[in-house]
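Chains, contacts and geometry: an overview
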Amino acid sequence: VSGEVVFNTGMVGYPESLTDPSYKGQILVLTYPLIGNYGVPDREDRDQYGLPKFFESDKVQVTGVIVSDYSYSPSHYASTCSLGSWLQEHNVPALFNVDTRALVKKIRDNGSLLGKIIVDDAKDSLSFEDPNKRNLIAEVSH
């Protein structure tokens, strides 16, 4: 995948961040050192207005995810699946074991960056895509 590389420094709330329409078309770097430890809550749970209770939208909006350390075994009473299986379900690739501090420093020093997460042998066919050249509002609006 290709997209604008951005970061989030939040300590909690990766389900909310990953479903936030403002991250559409972006590769999100999560800077908190351990991600995935509380899994993903029930996606069908709604509030009194019919909106997703634990998410910002009905689907994962990011193009890709980069984290420092990934927890394979979520441990939370409200967890219905792992972060990895949820991302897989939405065809969103993720990288872990990355020095996210160094990556964020590079973004801060150089400004907005385009990046790629290459899976398998797609490197020859994947070009850089700037999501800011698309009508993202139309893509995330129902």
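Scope of this entry: the structure provided in the associated data block. Please read these numbers as outputs of a predicted model, since none were measured by experiment.

All right, on to the overall build of the chain then. Across its full length, the chain holds four helices and nine strands. Put simply, the chain runs from its N terminus to its C terminus through helices and strands in the order β-α-β-β-β-β-β-β-α-β-α-β-α. Taking 142 residues into account, the globule formula puts the C-alpha radius of gyration at 14 Å, and the chain, at 15 Å, falls close to it. With respect to the principal axes defined by its C-alpha atoms, the chain has extents near 45 × 35 × 30 Å. Burial statistics for the chain: of 142 residues in total, 37% are counted as buried. Of all intrachain contacts in the chain linking residues separated by at least 6 positions in sequence, the fraction that spans at least 24 positions is 74%. Entry remark: accessible area of the chain is about 8,500 Å², with carbon and sulfur atoms responsible for 50%. Charge separation in the chain, taken as the distance between the mean sites of 13 positive and 19 negative side-chain charges, equals 6 Å.

With that settled, consider the pattern of salt bridges. Using the criterion set out here, one finds six salt bridges in the structure. Between R101 and D99 there is a salt bridge; the shortest N-O distance is 3.6 Å. The exposure class assigned to R101 is exposed, which follows from its relative accessible area of 66%. A residue is classified by how much of its surface remains accessible, and D99, at 43% relative accessible area, is partly exposed.

With that settled, the discussion passes to the environment of V62. Looking at the secondary structure, you find V62 in the loop between β4 (40–41) and β5 (64–66). For V62, the residues in contact, after removing those within four places along its chain, are S17, L18, Y23, Q26, L28 and V92.

Grouped together as the largest cluster of nonpolar side chains are 19 residues, with contacts concentrated most on L18, V62, V65, L83 and W86. Mapped by element, the contributors of at least two residues to this core are α1 (14–18), β2 (26–30) and α2 (83–89).

In this section: the side chain of S17. On the secondary structure map, S17 appears in helix α1. Relative accessible area serves as the criterion here: at 11%, S17 is assigned to the buried category. A distance of 3.2 Å separates polar atoms of two side chains, one belonging to S17 and the other to N8. If near-sequence neighbours (up to four positions away) are discounted, S17 is found in contact with N8, Y23, L28 and V62.

We now examine the sheet that holds strand β8 (residues 94–95). Taken in spatial order, the five strands line up as β8-β5-β2-β1-β9 in an open sheet, and their pairing is mixed. The open sheet has two edge strands, β8 and β9 (113–116), and neither has a second partner.

Evaluated as defined, the whole model comprises five aromatic pairs. When the ring of Y72 is compared with that of F96, the centres are 5.8 Å apart and the planes differ by 90°; the resulting orientation is edge-to-face. Placement of the pair is Y72 in the loop between β6 (69–70) and β7 (79–81) and F96 in the loop between β8 and α3 (100–110), with a sequence separation of 24 residues. Ring pairs connect the aromatic residues Y70, Y72 and F96, which therefore count as one cluster. Positioned above the aromatic ring of F128, the side-chain terminus of K116 is 4.4 Å from the ring centre.

Moving on to a nonpolar patch on the surface. A cluster of nonpolar side chains, M11, V12, Y32 and L34, forms an exposed patch at the surface whose accessible area comes to about 400 Å². Checked against the element boundaries, V12 lands in the loop between β1 (2–8) and α1. For V12, a relative accessible area of 67% puts it in the exposed group.

What counts and what doesn't
Residues numbered from 1 in each chain as written. Predicted model: local features only at pLDDT ≥ 70, side-chain atom pairs only at ≥ 80, totals over all residues. Heavy atoms only, no water. Helix = DSSP H or I, 4+ residues; strand = E, 2+ residues; numbered from the N terminus. Rg over C-alpha atoms; globule rule 2.2 N^0.38 Å. Buried < 20%, exposed > 50% of the residue type's maximum accessible area, 1.4 Å probe, protein only. Contact = heavy atoms within 4.5 Å. Areas by Shrake-Rupley, 256 points an atom, 1.4 Å probe, with all protein chains shown as cover. Lys, Arg positive; Asp, Glu negative; His and termini not counted. Charge placed at Lys NZ, Arg CZ, Asp CG, Glu CD. Salt bridge = Lys/Arg side-chain N within 4 Å of Asp/Glu carboxyl O. Core = buried A, V, L, I, M, F, W, Y, C linked by side-chain atoms within 4.5 Å. Polar contact = N/O pair within 3.5 Å; in protein donor to acceptor, adjacent residues only side chain to side chain. Pairing = 2+ DSSP bridges. Phe/Tyr/Trp six-rings, centres within 6.5 Å; stacked < 30°, edge-to-face > 60°. Lys NZ or Arg CZ within 6 Å of the ring centre and 35° of its normal. Patch = residues over 30% accessible without salt bridge, like charges linked within 9 Å, V, L, I, M, F, W, Y side chains within 5 Å.

Interpretation note: all reported values are geometric properties and have no functional meaning in isolation.
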